[in-house]
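If you want the building blocks of each chain, they are given just below.
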Amino acid sequence: MELIIALTMFSIGVLGLARALNTSIEVANILNKDQRVRIGLRSFLEEMRRKPLSEMAASYADIATGITYASSIDRVALTTTRGETLSDLYNLKVTATYTAGSEQREESVDVYVYKPSEK
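Residues numbered from 1 in each chain as written. Predicted model: local features only at pLDDT ≥ 70, side-chain atom pairs only at ≥ 80, totals over all residues. Heavy atoms only, no water.

1. Regarding a nonpolar patch on the surface
Our working definition: Only residues whose relative accessible area exceeds 30% and that form no salt bridge enter a patch; like-charged residues are grouped when within 9 Å of one another, and nonpolar side chains (Val, Leu, Ile, Met, Phe, Trp, Tyr) when within 5 Å. Under the convention used here, a 1.4 Å probe and the Shrake-Rupley method define accessible areas, while residue burial counts only the protein chains that appear. What counts as a salt bridge is simple: a side-chain nitrogen of Lys or Arg found within 4 Å of a carboxyl oxygen of Asp or Glu. Residue exposure (1.4 Å probe, protein chains only): buried if accessible area is under 20% of the type maximum, exposed if over 50%, otherwise partly exposed.
A grouping of M1, I4, I5 and M9 is seen on the molecular surface, where their side chains present a nonpolar patch of about 500 Å² in accessible area. For I5, a relative accessible area of 47% gives the class partly exposed.

2. Focus: the packing of aromatic side chains
Put simply, the test is: Aromatic rings from Phe, Tyr and Trp, taking only the six-membered ring of Trp, are treated as a pair when their centres fall within 6.5 Å; an angle between ring planes under 30 degrees marks them as stacked, one over 60 as edge-to-face, and anything in between as tilted. A run of H or I in DSSP counts as a helix once it spans at least four residues, and a run of E counts as a strand once it spans at least two, with each numbered from the N terminus.
Counting across every chain of the model gives two aromatic pairs. Between F44 and Y69, the aromatic rings sit 5.6 Å apart at their centres with planes inclined by 25 degrees, giving stacked as the arrangement. With F44 in helix α1 (residues 2-49) and Y69 in strand β2 (residues 67-75), the pair connects residues that are 25 residues apart, well separated along the chain. For Y69, a relative accessible area of 4% translates into the label buried. Each ring, one from Y60 and one from Y69, has its centre 6.5 Å from the other, and the planes form 10 degrees; the classification is stacked. The rings of F44, Y60 and Y69 are connected pair by pair, giving a single aromatic cluster.

Here it is in structure tokens:
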């Protein structure tokens with residue numbers, strides 16, 4: 001009888017350890033994907049920033065990682081302390097949409113870009 005009780009307690013302990021290990025692996029995978037998203041977001045932002053203004057609004061789906069990157073551009077009207085309006089400034093927003101675990105996530109980055117008028 002003692003042997004059955006000891007084996008039962010041991011199996012419960014092993015089962016609990018297996019669940020904890022499974023959870024920690026899932027968390028590690030989510031953190032790894034978050035890191036890949038941040039690197040991809042930075043890369044896509046730099047790529048869009050270097051393009052001409054007419055090509056800055058774009059979308060790209062990375063099939064290998066399951067991440068969709070999209071960029072949008074809006075004109076920014078900033079006024080200096082002297083009352084002058086700064087022209088040719090744009091807000092470039094890049095958004096990454098992906099699934100982590102069973103949850104849909106979205107990360108975004110905004111940066112002001114100076115693009116002089118092409119004449």
